[in-house]
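Reading the structure
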Amino acid sequence: MSIVVENKKPESINPLKVSQPLGAALAFLGIDKAIPLFHGSQGCTSFALVLAVRHFKETIPLQTTAMNEVSTILGGHNHLEEAILNLTARVDPRFIGIASTALVETRGEDYVGALKEIRAKNPDLANRQITFVSTPDYNGALEDGWSNAVTAIIDDVVIPWSTAVTSFQQINVLPGVHQTAADIEALRDIIESFGLYPVILPDISSSLDGHIPENWMTTTMGGTRLEEVAHMARSAHTIAIGEHMRKPADLLESLTGIPTSLFPDITGLSASDRLIALLSRISGKSIPQRYRRQRSQLVDAMLDGHFYFGGKKVAIAADPDLLVSLSHFFYNMGAKIEVAISSTSHSPHLKDIPTEKVIVGDLMDFEDGVRDHPVDMLVTHSHGRQASERLGIPLFRVGFPIFDRIGNAHSLTLGYQGTQNLIFRIANLFLEKTHHPKPADFADNSADILKEPLYA
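First, a word on what this report is: a plain description of the structure on this page. (Residues numbered from 1 in each chain as written. Predicted model: local features only at pLDDT ≥ 70, side-chain atom pairs only at ≥ 80, totals over all residues. Heavy atoms only, no water.)

Read from one edge of the open sheet, six strands run β1-β12-β11-β10-β13-β14, paired in parallel fashion. In this open sheet, the two strands that pair with only one neighbour each are β1 (3-6) and β14 (395-397). Across the sheet, the mean angle separating the axes of adjacent strands is 20° when strand polarity is ignored. By the bridge criterion, three bridges tie strand β10 (residues 313-318) to strand β13 (residues 377-380) in an arrangement that is parallel. Its bridge partner lying in β13, Val314 is registered against Met377. Each of β10, β11 (336-342), β12 (357-360) and β13 touches helix α13 (residues 320-332); the most contacted strand, β10, lies at about 165° to it. (Pairing = 2+ DSSP bridges. Helix = DSSP H or I, 4+ residues; strand = E, 2+ residues; numbered from the N terminus. Axes fitted to C-alpha atoms, helices over the stretch in contact; angles between N-to-C directions. Contact = heavy atoms within 4.5 Å.)

As structure tokens, this is what we get:
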């Protein structure tokens, strides 16, 4: 069991965590024909927009209420109403997801009352789904924003179980923010192979997967349809991934009465086994042969890869659930977690990370920890590249944001095949940095060796 230590320094030198509003925006982007709207200043939205565009390399339909000095003092209700009406008239989204920022949260506005007044004044908004979520920048991080947004969507849209008819072919899936578009797409394929129909909330596999639509769209280009969200009570089971998805999963279970299985992660042999076994039990079908073969391939990859993982020392900095998942992955492959940095302390599983101490801090703590405890690999997002250069240690990029590489949405880490891919990518990075002896390594001793007699 590890000790969780919160850093009490007054400022963050090189931030690790990404703000709550951006996490909420990413969740809203997983809804079909949606527009995320930041209630705050233009600067808050611009910063989040730049990170999202650089990570996904796609157009991101993120909007702002553009509050200024006057509205900050007198209140931003008029700006919120104007933004909603402009989006409705010009873009015609089916869903508007509003995320608050530190500016309006610090002032303390009545958002619920404001939305009621706006709807009362504008009857045309009656059939428009507008969801608000409180996501102050100064509290929590990416996982919290994603979780709170999904919770708000469930609370606003899902019809309670009393009016639903259960379909034993439908199951709900609540993926974590650390799942990529490729992960969610692979999870859908796995579920459908058992004859089940997944309702995935949110689903970025069809909105942020890097495709070109036939016609230009000013909203999200895919995602979960609101009709599917409304009828989640019809499902026979709910699968949630990551501790930060416990809150929306608990709310969904209380509204629908549907049993929930929460997976800390679905990376690794045992986690993939649990998923396949659960789907087989829910569907009543035997496990398809292809998964038995994929499992065998993963075991072989683990055997091949453990030569390069074994004894290696690793430093990881990430959001809590991603940190827990990666730590157990490296540990099970034979590596030692020398430095572990979490963006927040909101997960009870941090104490289960196989290391002596977990620090809640930033990338400065990450770099200082590596200086005190040398490692063979750094594992964090793209903001760790400077530390990698200064320390001369290879960096394996994970999480959000990754803006100096392409294809982030297609990086697969889930299930047997995803774990196999992860092993190969990391093992090859270890292999690339392996020192191979050359004649020059023996030059200093060669003269002395030649002076010695051949026979004693």
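Turning our attention to the packing of aromatic side chains. For any pair of aromatic rings, the description consists of the separation of the ring centres together with the inter-plane angle of the planes. Per the counting criterion, the structure on display carries eight aromatic pairs. Pairing Phe56 with Phe400 gives two aromatic rings, centres 6.3 Å apart and planes at 40°, and the pair type is tilted. Of this pair, Phe56 sits in helix α2 (residues 42-56) while Phe400 sits in the loop between β14 and α16 (415-432), placing them 344 residues apart in sequence. In this pair, the class of Phe56 matches that of Phe400, namely buried. Feature note: the residues Phe309, Phe329, Phe330 and Phe430 constitute an aromatic cluster, connected by ring pairs. The ring of Phe403 has Arg54 lying over it, and the distance from NZ or CZ to the ring centre is 4.1 Å. Geometry around Phe430 places Lys312 over its ring, the cationic atom sitting 5.4 Å from the centre. (Phe/Tyr/Trp six-rings, centres within 6.5 Å; stacked < 30°, edge-to-face > 60°. Buried < 20%, exposed > 50% of the residue type's maximum accessible area, 1.4 Å probe, protein only. Lys NZ or Arg CZ within 6 Å of the ring centre and 35° of its normal.)

Looking now at helix α8 (residues 181-192). Think of an α-helix as turning once every 3.6 residues; residues three or four places apart then point the same way. Over its 12 residues, α8 runs 17 Å from end to end, which matches the ideal 16 Å to within 8%, given 1.5 Å per residue. Summarising burial for α8: nine of the 12 residues are buried, a large majority. Taken together, the buried positions of α8 are Ala181, Ala182, Asp183, Ile184, Ala186, Leu187, Arg188, Ile190 and Ile191. Each element contacted by the buried residues of α8 is listed here: β6 (170-174), β7 (197-200), β8 (237-241), α11 (269-283) and α12 (289-309). (Expected span 1.5 Å × (residues − 1).)

Geometric values such as these leave the question of function open.
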